[in-house]
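Summary of the model geometry
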Amino acid sequence: MVAQSAEKSEGIIGSKAFNPGVIYIVTGKVREVAGIKDVAKKAQVGVGTVSRMINNSGYVADETREKIEKAMRELNYTPNELARNLYRKRTGIIAVLVPKVSSPFFTQFIECVENALYEAGFKMMVCSTEQEKNAELEYLDMLNRHIVDGIITGVHSLDVEEYKKIYKPIVALDRYLGEHIPVVSVDHKEGGRLAAQALIQNGCGKILHFRGATAVESPYHDRHREFDNIMRKNRIETRTYDLEWNRFGGEYYREVVRRVFAEPFDYDGVFAVDELAIECMNEAIRNHLKVPRDVKIVAYDGTFITDLVEPRLTAVVQPVEGLAREAVRLVVERINGKQYKGEQVILQVELRKGKTTLV
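The following refers to the structure shown. Counting starts from 1 at the beginning of each chain's written sequence and moves along it residue by residue. Given that the model is predicted, a residue must reach a pLDDT of at least 70 before its local features are reported, and side-chain atom pairs must reach 80 or more before they are shown or counted; all residues, however, enter totals for whole chains, interfaces and linings. Water and hydrogen atoms were dropped before computing side-chain values, which therefore reflect all heavy atoms in the structure.

Moving on, we come to helix H6 (residues 135-144). Accessible area is worked out with a 1.4 Å probe on protein chains only. A residue is then buried under 20% of its type maximum, exposed over 50%, and partly exposed in between. Runs of H or I in DSSP of at least four residues are treated as helices and runs of E of at least two as strands, each being numbered from the N terminus. Among the residues of H6, those classed as buried are Ala135, Glu136, Tyr139, Leu140, Met142 and Leu143. The arc that holds every buried residue of H6, seen down its axis, measures 150 degrees, which confines them to one face. Buried-residue contacts for H6 involve strand S3 (93-98), strand S4 (123-128), strand S5 (150-153), helix H7 (160-164) and strand S6 (170-173). Regarding the arc, it is the one traced by the directions from the helix axis to the C-beta atoms. The contact rule is simple, with two residues in contact once any of their heavy atoms fall within 4.5 Å.

Right, let's get into the packing of aromatic side chains. Only Phe, Tyr and Trp rings are paired, with Trp represented by its six-membered ring, and only when their centres lie within 6.5 Å; those with planes under 30 degrees apart are stacked, over 60 edge-to-face, the remainder tilted. In the structure shown here, the tally under the stated rule is 7 aromatic pairs. Ring centres of tyrosine 252 and tyrosine 253 lie 5.9 Å apart, and the angle between their planes is 45 degrees; this geometry places the pair in the tilted category. Since its relative accessible area comes to 6%, tyrosine 253 is described here as buried. Ring pairs connect the aromatic residues Phe105, Phe106 and Phe109, which therefore count as one cluster. Between arginine 223 and the ring centre of tyrosine 300, over which it is positioned, the NZ or CZ distance is 4.0 Å. Charge over a ring is defined by NZ of Lys or CZ of Arg lying within 6 Å of the ring centre and within 35 degrees of the ring normal.

The next thing to look at is the packing of helix H10 (residues 250-261) against helix H11 (residues 274-286). Note on definitions: angles span 0 to 180 degrees between N-to-C directions of axes, and those axes are lines fitted to C-alpha atoms, for helices only across the stretch in contact. The contact between H10 and H11 brings their axes to 9 Å, and the two run at 45 degrees. Comparing their axes, H11 and H10 come out oblique. Two packed elements cross with a definite hand, and for H10 against H11 that hand is right-handed. Residue-level inspection shows Gly250, Tyr253, Arg254, Val257, Arg258 and Phe261 of H10 in contact with H11, the latter providing Glu275, Leu276, Glu279, Cys280, Glu283 and Ala284. Charged residues are taken to be Asp, Glu, Lys and Arg, nonpolar residues to be Ala, Val, Leu, Ile, Met, Phe, Trp, Tyr, Cys and Pro, and polar residues to be all remaining types, Gly included. Considered class by class, the residues forming the contact of H10 with H11 number 6 nonpolar, 1 polar and 5 charged. Reported orientations rely on four angle classes, namely roughly parallel under 35 degrees, roughly antiparallel over 145, roughly perpendicular from 65 to 115, and oblique for the rest. Helix crossings get a hand from a simple test, with the near helix turned counterclockwise from the far one by less than a right angle marking a left-handed crossing and a clockwise turn marking a right-handed one.

Here lysine 296 is to be found in strand S11 (residues 296-301). Working convention for charge: Lys and Arg count positive, Asp and Glu count negative, and His plus the chain ends are omitted. Salt bridges are counted wherever a side-chain nitrogen of Lys or Arg sits within 4 Å of a carboxyl oxygen of Asp or Glu. There is no salt bridge for the buried lysine 296, and the closest opposite charge comes from aspartate 268, which lies 6.1 Å off by N-O distance. Throughout this description, a polar contact denotes any pair of N or O atoms lying within 3.5 Å of each other; where both atoms belong to protein, one of them has to be capable of donating a hydrogen while the other can accept it, and for residues adjacent in sequence the pair is counted only when both atoms sit in side chains. Looking at lysine 296, its side chain comes within polar contact range of the main-chain oxygen of arginine 293, at 3.1 Å. Among residues more than four places away in sequence, those in contact with lysine 296 are Leu199, Asn202, Cys204, Asp268, Gly269, Val270, Thr356, Thr357 and Leu358.

Okay, structure coming up:
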């Protein structure tokens, strides 16, 4: 390649003779970018005063603040975010770990977390652990190396002992990771009770119950235990199907439903998470069953997809936005130095009646 000089306004760059194989050196005048010293000079204050205002690291009088802000506007000055973060020893980034980004629950959770983080002055890094075996451990290493300021984790693939070694800002969604890591969850026991009550009130006598894997310790097991207990007390026949650990999504759920429906069990009620409940409804219809006349279905989570199908699903609804806001509040408080021991935030669920139950 050949280096050539070019005037900024009328040189080769602006002409038809431009050659992409040539390196052009622009010799025209380049406008200088204003720095913090320029702001201080224009506002007639010290550089330290400007720095204190930008970094919110000390007192600055209102009159002085107005002068600095005016100077910044006139000079079109934008603070260097990287420099500010180095000064504050922060990145301004929170990692959000989920097993599968396309899962309706986590899709909704991520959106709500992003909004809450933005309001708190942070950016979000979304980390899906679905494809990589050691992904969760790698993201924890990013926290140790100060690449992110904190982690909100909703994944269940790593041994709890790894978390017990880390005393950094971490908040867990629906999982117990150690007494120093706050947990955000819902009253799953109440969720299980609401689902069981709804199916009993609809006269169901044979229930198909899909249960999450018990390989990890999590509050969500409470809903399954409560559901099974109520069915047992009411002497209602229930078939409980245990899902594989850390497997999610439509392809797996379709495989499970086809397998279950191929076995002899004349069920008239279903309890499952949203996606799985929809797959059950579709399979029931393919088998010429009417919903809710022949089969009643209660979903768990109550995400946006329950409104996208017909009939609309009756669902136990988790307050996803509330979970996201509490998780963000806790992780920001941890970043700011607050310590927790055995902290659990439990939010309430509710039953939203749709058209997959009669009453």
